Amino acid sequence: MSVLIIWIMGAGLLLINIILRTRLLRLEASLKALRGPQEYLSYLHKQAKTTQNNKVAAIKALRKKYPELSLIEANKLWQQVQ
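Heads up: these notes are all about the structure in this document. (Residues numbered from 1 in each chain as written. Predicted model: local features only at pLDDT ≥ 70, side-chain atom pairs only at ≥ 80, totals over all residues. Heavy atoms only, no water.)

1. Comments concerning the packing of aromatic side chains
Going through the model one piece at a time under the given rule, you end up with two aromatic pairs. Ring pairs connect the aromatic residues Y40, Y43 and Y66, which therefore count as one cluster. (Phe/Tyr/Trp six-rings, centres within 6.5 Å; stacked < 30°, edge-to-face > 60°.)

Here is the structure:
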């Protein structure tokens, strides 16, 4: 009986996790759509000037300001700036 309760609780927690994760992904996507790539590029261009074209420092600053960006997306933006 207790094993059944544990399985039911685990399944419930798994469903809650899935629901929250999809909600978070939707929010991140809408945030990216609101900001747009132009805002990211302009900030990264400013960072490139202030950090003397130090790629790592500029990408770190970009991801600190815009945490919804992945490292791969930030790297692609850096390649557009260069």
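2. Considering the pattern of salt bridges
Scanning the model with the defined rule gives two salt bridges in all. Between E73 and K32 there is a salt bridge whose closest N-O contact spans 2.9 Å. With E73 in helix 3 (residues 71-81) and K32 in helix 1 (residues 2-50), the pair connects residues that are 41 residues apart, well separated along the chain. The partner of E68 in a salt bridge is R35, with the nearest N and O atoms 2.7 Å apart. Here E68, found in the loop between helix 2 (55-65) and helix 3, pairs with R35, found in helix 1; they are 33 residues apart in sequence, far enough to count as distant. (Salt bridge = Lys/Arg side-chain N within 4 Å of Asp/Glu carboxyl O. Helix = DSSP H or I, 4+ residues; strand = E, 2+ residues; numbered from the N terminus.)

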